[in-house]
Each structure stands twice: as structure tokens, then as C-alpha cells.
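Examination of the molecular architecture
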Amino acid sequence: MMTKLSSMDLGQDVSPVTAAVHRALGTAGSTLTVVIASLCVTGIAIAQEQRETTPSDLVAEVTVTGTRIVRDGYEAPTPVSVLGAEQLDAMAVTNIADAVNRLPALAGSLTPRNNSAQVSGGTAGINMLNLRALGATRTLVLLDGKRIVGTTLNGGVDINGIPNQLISRVDVVTGGASAVYGSDALSGVVNFVLDKEYTGIKASLEGGMTSKRDNEQYLVSLTAGTPFAGGRGHFLFSGEHAYDEGILEGRDIGNPRSWAETPYMVMNNPHYTPTNGLPQLLTAFNAAPNNATQGGLIVSCPSVPGGPATTDCPLRGIQFLQGGTPAAFNFGEIGGSLMMGGDWKLTNIQQVGPLALEMRRQTGFSRVSFDVTDSTTVFAEFALAHVTSINASAAPVFNLGTVNVLSGNPFIPESVQALMTANDIPSFMLGSYNGDAALLGAHNKRQLTRYVAGIEGSFDAGTTWNWDAYYVYNESNITIKSTGNQVTANHRRAVDAVLDTASGVIACRVNVDADPANDDPACVPYNPMGLGVNSAAAIDYVSETGWANIILDQEVIAASARGEPFSTWADPVSVAFGIEHRRESVRGRASDIDEANGFFAGNYHASRGKYDVTEGFLETVVPLAKDLPFARSLDFNAALRYTDYSTSGDVVTWKAGLTYRPIDDVMFRVTRSRDIRAPNLGDLFNAGSSGTSNMFDPFTNSSRQVISVVSGNPNLDPEEADTTGVGIVLTPSLLPGFALSVDYYDIKITDAISSLPSQQYVTRCFEGQTALCGFIHRDADGFIDLVSVQPANILAQNASGFDIEMSYHFPLSSLVPSWRGDLSLRAMATIVDTLETIDSTTVIDGAGQIGGFGILGGNLHTPDLRYIGMATYSNGPASVTLTMRGTGSMLYNNAFIECVSSCPTATPENPTIDNNHVDSVAYYDLALNYRTLEDRAELFVVIENVMDKDPPLIAGNRGEGFYVGQANVNYDRLGRIYRTGVRLKF
């Protein structure tokens, strides 16, 4: 049976669409157009033969409204996309987040595959949903209509904790819904709806791997439900255990992924001058950093004794190989901190980073309910979820030309020391990936504990009223570890080695120096020059595991009621109202080294803080007309919510909308809403975390390794958004089972809470925005060593576009009487017109661009087009589902000017580049299901990415200074995946 969708409101003023559609569609869009057109043609062709088919035979309607008011047959103006149980079963994913993220309205969600190299933020392994590419913190995630505590300081909910087997459907409200559901619903709501009345026992077992025989995964689940006390009570339990092996390197030794073998990066053109007509930037193969190797590379030294380090140095280009053997290094053609050609294989580290994390997930959920009277039910729920993510190879600990080696260091080979002595060179600067040491990694554990207790019922006040009240306590206990992390001070002491003349052994200078106050008895000399030259004791001294423990608490007390107090000339007026009080808090602790910012990465800090919020809401649906010649129905929907935050004061949100059916076959809808996102715990109270990256300083025209420290800002105000939606829904009576909706949305956010990328503080300070210069700290030599990153209400952001959704279900006998079985077709697409980030100096449109390649700031980006199409043939116990999903072509940056010769003059706002194109991509999935043993068993086989399609070729960002192969993380990088399993019912 097909699920009828109630796709409601969207949000914005209608703008000219032709240019946006043509730009967005591209190659992939043409494919989608063919699919949609074929569905329409098929429908028209069989419409006459299908007129006699009873619609009730084809459609099982599910009421999904996107409001707190539910009336049979009513469709509210806010669009809702639905994933039903049958579609989830056909996808057979091991985590429900993977299914939800295929909906085109979601883009840029965090997953264990696209966020695998993250260490400092502690978010590796998280599944966080992102509607409209506006950020996970603007997407409200609910479990059966109730809030879930976030799994990070920034409030995003980890979908890993959702009990997959109990989900009956997923409702995605793709429009502003703050007035209805509260703060965080600025871009929409994702509600996981539980099957609370399930009776019986069901179990499933599935497993799979890629066609390259890696990333083995399995899922085991068991659910049981039974009534008791003569049917007045009901008990429910569900548990599951899932494991993903992960792929911890971009290449599988002996069976590599071809696209990951050759480095490909955006770099400064070595031959560019402002007047020669060549592009300023190149997308270059065999491009890699020029400032570090695994064993170490001398990149600079003083050109004169006592002078600053410079590349005009006779030692430059000496590298150190196995055993510390010096050898000449070929720099190739240099552009900034990168080079093309030369010994790129020795500096390339793009295959170090993981493609997918090792994940272990266990969830348990139980619920008991009891009818204390015929109209009153009490219930209680308990949920426990434990998720572990392991990444042993996020990146090497890199020192990009920052290791200062003094003359006389006994580890320096004799030939190099002779050159230093002959040229009176007191020291040199070495770049190293520390090949002897372990790779930097992340080991994160998250435990969600959730208690719910409530009461619900109904009463008669002339009409029937439903009411409920509940209490929720959520706790997220998070332990994050940075493994193989370099202790900066220890590394500095250990590298500064000398020969202890008293003992004749190599020692740390601090232990030979005459001042005993500087002694560090634990110090073991570390040799940065060469591979296989350090003892385990030396590596242990310069490396430690950083850690932090974060506990997020959330308490919610809520009560609501809904009913129909009176009727108009058209129909009963529906009303819903309620009140909610919520408390959020964070506490934790971190290692002493983290607190002192003593690590290469991580540097976690214990955050402490809390806030509370009290809200009251009122929602109504007022029928204005019904069964009139000009209106089969006309309904007005409105909602109002008053919210008082302990940190930022009170705010009022609202929504108003109309649904209008001139005839049964056509419905128009329009909404306007004011939505908010209040600053979360991380925005307000983040005590700080830091990471290390390569940064270009235009003041000195040089790149250096810089620490970025991220912290909170307690003086933030809520974000506000004005959302408008206009749409049409077609359900032609001549075509039973067919539905088509087209909606336009426009979201305008003011006082957006954001922080600039750390590089932008430096770039914009240089361009004259002196207010940002105070965030930059320089060392005694005038070089940047730290940038402080704080959120602020500094931006405006706009998003607009179109959602298209179509579904059609019909028996094949309507085509040919002898044909058996049914065919269900469904297609969804999102076309993004604009996704703008606006501040006092710039407007950056991220629609259709990859992100991360900008000279200017702007953290929003998304494909112009995302789509999915599903076709399911079912005949008795067997069904086959073919899915096509993909994205349109994209640009590296909308501001880049593509050219290969006769290029215009490049500017900071509009650099020139030889290739500004990323190909569109389409993936095909196949699912086979067969029910047997009187429907008590179902066997299934799923093949994802049937054609083993590689991700599109995307160059690494030149600003990174190093590249661990993560530019294409938002595409399918694993290749063909096989999964098979069985579902049992007892």
C-alpha cells in the first residue's frame, strides 16, 4: 500500500525561477526530468483504464500534518515528507540516519563517513541531521514528538541513539516550525514516530561489506510487545547491536580505490603574474605540500647568523630518510605552501585519513502503559544508547616547517653539521609528519540515558478533548579522546638534544643546563630527522592521549490539550494549546594538558553552564469555507508562542497559513512565520577547544602553523528568521493514487549566530576590518601563533528554493489485464536557488558550490540539486525496489572566474582558476525482498551503488597546507556495498 504524503508549507516569496532551474539541473537534473516526465506520461496513458479502480484499494492514508492539531482529512500548510516503514525496510540501512539523509531537503548532515577526520571538535562518529544546509543546530529532532538531549555542546542530536526497529515512520517538516514546536525548529523538524502499540516478537539479522571486502558491518535487533491486565496495559521492549568495521585508510592495501591514489589539489599557479593572462589558481594532479615529509625536510634557516629564517638557505631541500640518512629533495614547481611534481609522493598524506569510522552501537528501549480509566492512560519509557567511534588515523601529527633544530644537536648527520659549521648557520627549520610516532586519532564514547513519564487522556466538554502531560529527563555522557597527540612542550624539550659530556650520552638540554629549575627528569631525547630513529620511550614522552568528559542534561515538563470548542459555517474550529518548561545544563572535566592548551590538537576545556526556558503556545485551524462553488475548502491555520529564556530574555514566534482547494484535485497553500534559534550551551558556555592548521598571513606573505581556539560568548541574542512558503498539491481524481506537490521556500535569517573561519580573522584584519584584529595573537617575532574564534550575532543568511515531490501507485493490470503485481513510484527533488551568507562587507552565495574553497568567508554551501527516485514492483511475497539518487554539478566557488588563458585580472573577491567544475553524480541502489512462512520471515538483499560509481573528482583546498583526502566526503566514497539479512516475526 502506498503512504499518502501530506507535504505542507515551505517558506518564501516566489521569485523568477527559470534561471535557477536551468542552472541547477545540469546533467543530473536532466536525468531527473526524464524520470518525472516518464511518470507523468505513464499516468496519463493508463488514466482511462484506471478510472474504475477504487482509490481505497490503492491508498492507505497516514495523517501527517506538521502541526499539533490532527484532524482526519486535513492537510496543514507546512510541507511534510514521510519515510514509511516499508521504504525503510527496502533501504535496509544499518542506521536510520542513512535513510533520512537521502531525502533531498537534507544536505550537509554530519555522518561517520564525512566527519571521520575530526579530532578537536570531538564530533567524529556523530550522525546529525541538517535541513536546508542551514546547520544541524537549526533542525529540531524529536522522538515521538518529544525532545532529545543534544550530543554536543552545540545541541545537535545524535541519531545513533534512536531505536531503529521501533520506528513506524519518519516525518520531516521542511519549513519553519518554531511557533508550533519551539526553538531550534528554524529550518524544520525531523520526528521519529514510534510504533507504541506493537504486539508480538520480531527480530532481524543483517550484515554486509563493500565489493572490496572491507567495511564489514552487521546489525542484530529484537523487539517484543505484549498486552497485560486484560488489555489495559501494554509492555514494549526493543534492543539492537550494530557494528561497522570502518575503513581507516583511503586506500586498502592491495585493493586500492583508484580515485584516492593520485593527489589532486587547488594550488597557487607557479607561473601566474597579474599581467600574463594565466589563472591565479590551478587544479593540479601530483600536487602536495612542500614543507614536510615523514622523516623530516629542511625548509629554511637564517641567511645570515642571527637573522630570521629564510628559504635562501644552503640547507634547504635536505630530507631525512630511513635511519636518518640525508638526501636531496626535489621541490617541483612551487605555489605557496604546495608544489606540483617533484617528490610529491614523499609529502602526500591524502591516503592517511579514514573513509569511514569503526562504530559500535547498542540501544535499548522499553515502554509500559496502563489505562487507569477508560479515558486516562499513564505511561513510562526508558532508553539507553551507547555508541563508540574509533579513528586511529585522522592525520599525522604535523610540524610544517616549525621544528627548530640547533647546530650541535647530536642527531644531526655529520654531513649536514659540516655544512652548518662551514656556513655559520646556528639552526634550521624542519618540517615533519613525525613518521616514527603514531597517527593522531580520536576515540569517542557517548551514552544517552532517557526517562519519560506521562499521562494522557480525553474528556467530553460538549466535544471530545485530548490532553497530555509528561516529564522527560535526558542525559548525554560523552567521553572524547585524542590519541597519539603531541605534547607541544615535551616535543620542544625532547627535540632540543645535546651531548652530555659528563655521561657521554645524548640528553635533553633542560637536564644538562646548569639551572636545576628547568630539569625534566622524564625527558627523553627525540630525533625529528629520519625514520626508525626513535625509541618507544622517546615517542611516549612526546605523545599523550588527551581527553575530556562532558555531561549534558536536559529536563522537560510539558502539558497540552487539543479539541474543537465550536463550529463555524464551514466546519469545527480546532484549537491546541500548551506550556513547556525546559532546563539545559553542561558540566565536565578535561585533562590538565588539555586545559593548558598543551596539545597539538584537541585542547579540550571543561565547560559549565545552564539555562532554562519557559514557553506557552496556542494553535488554531479555522475553516473559512467548505463545499462552495468556488471553494471545496478554505482553512486558516495560525500559531503563536511566547518564549522566555533565562539568558536572552523573551521572544514571540508566530505562524499564519492558508490551504485552499478550489476543487478536490487541487490544493494551494501559503504560510508566513517568524522562527527563532536561541543560543545553545556551546554558543554560550564553551570553555574552548583548539586545533592546529596552516594559515596564510598576508601581513608577512607567509604561511605558518597556527592554533585556533574556539570558545563561547554569553552575550548572544537569539537568531530570528522570517519564512514564507507557497505551494500547490495535485491529486487528480482521473489518476487515483497519484500526487504531486511543488513548493517554494524563502528563509531570511537575521542576527545569525556564527563565527568566521580562523583564516578570515586574519584576511579581513588585513583588508581593514580592524575590529577583527583583536582576535589575532602574535609571538615575539611578529608571527601569528593563535587566533581566538568566538560566535557572535554578526551575519544575515538567506535560503530559498523549490521542493518537488511526486508519488504514484497503480496495479499493472491497468496496463495489461494479464499482468500481475503493483508498481509504486516516488520521486523527490530539492532545487536550491540561493544560500547566502551576508555580513557588513560581503554577500556569499553557497548554492551550488562545494564549500571550503573560498577566499572569503561563508560557511553555508550545498548542491543546487539533490534528488531521489524510487520504483517498487511488488507481487505477492516478492518485491523489487530500484532507487536512483544524486546531485547536480557544482562549482568550487561561485566567485571564482574559470579561464585557462587571457584571464581577467584576479582580485581577492574573484580569483581566476583553470577549472571551477565538479561533475554531477547519480547512484543506483537495488533491494530484493521476499516474504515466506506465512509472512513470518522476510529475506532481503540490498546492493548500494550498483554501478560502483566513484565520487566526483574534487581537488583539496590550497588553504589546508596539507591534505588528508577529505574533499569529497559528502559523496559515496566506499563504492558498491552488499547487504543481506532476514527479518522474523513470531
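Rules behind the numbers
Counting of residues starts from 1 at the beginning of each chain's written sequence and follows it residue by residue. With pLDDT at 70 or above as the cut-off, local features in this predicted model cover only qualifying residues; side-chain atom pairs require 80 or more to be listed or tallied, and sums for whole chains, interfaces and linings still use all residues. Neither water nor hydrogens contribute to the side-chain values; these are computed over all heavy atoms in the structure. Here, strands pair whenever DSSP counts at least two bridges between them. In this text, helices come from DSSP runs of H or I with a minimum length of four residues, and strands from runs of E with a minimum of two, each type numbered from the N-terminal end. With axes taken as lines fitted to C-alpha atoms, and helix axes fitted only over the stretch in contact, angles between N-to-C directions fall between 0 and 180 degrees. Exposed residues in this analysis have more than 50% of their type's maximum accessible area, buried residues have under 20%, and partly exposed residues fall in between, with area computed by a 1.4 Å probe over protein chains only. Whether two residues are in contact is decided by their heavy atoms: any pair within 4.5 Å suffices. Note on terminology: disulfide denotes any pair of cysteine sulfur atoms within 2.5 Å. Within this document, salt bridges are pairs made up of a side-chain nitrogen of Lys or Arg and a carboxyl oxygen of Asp or Glu, the two lying within 4 Å of each other.

**Focus on the sheet that holds strand E13 (residues 287-289)**
Taken in spatial order, the three strands of this open sheet run E13-E19-E18, and their pairing is antiparallel. The outermost strands of the open sheet, each flanked by one partner alone, are E13 and strand E18 (333-335). Across the sheet, the axes of successive neighbouring strands diverge by a mean angle of 35°, strand direction being ignored. Across three bridges, E13 lies against strand E19 (residues 338-340) in antiparallel orientation. Each bridged residue has a counterpart across the sheet, and for Ala287 the counterpart in E19 is Met340.

**Notes on the environment of Ala752**
Among the structural elements, Ala752 can be located in strand E37 (residues 738-754). Accessibility expressed as a relative area gives 0% for Ala752, which makes it buried. Sequence spacing of Ala752 and Leu795 is 43 residues, and the spatial spacing of their C-alpha atoms is 5.0 Å. Look past the residues within four positions of Ala752 in its chain and what remains in contact with it is Arg138, Glu719, Ala792, Asn793, Ile794, Leu795 and Gln797.

**With respect to the state of the cysteines**
In the structure shown here, the tally under the stated rule is four disulfides. Shown here is the disulfide that connects Cys765 with Cys773, its sulfur atoms set 2.0 Å apart. In this structure, the disulfide formed by Cys765 and Cys773 twists by about 105° around the S-S bond and is classed as right-handed. Accessibility expressed as a relative area gives 10% for Cys765, which makes it buried. For Cys773, a relative accessible area of 26% translates into the label partly exposed.

**Considering the pattern of salt bridges**
Under the definition given, this model contains 41 salt bridges. Between Asp468 and Arg562 there is a salt bridge, with the nearest N and O atoms lying 3.2 Å from each other. Taken together, the residues span a long stretch of sequence, with Asp468 in strand E25 (residues 464-486) and Arg562 in strand E28 (residues 543-567) at a distance of 94 residues. Residue classification places Arg562 among the partly exposed residues on the basis of a relative accessible area of 30%. Across the salt bridge formed by Asp972 and Arg885, the nearest N and O atoms sit 3.8 Å from each other. Note that Asp972 is positioned in the loop between strand E48 (937-944) and strand E49 (977-985) and Arg885 in strand E44 (residues 878-887), a separation of 87 residues in sequence.

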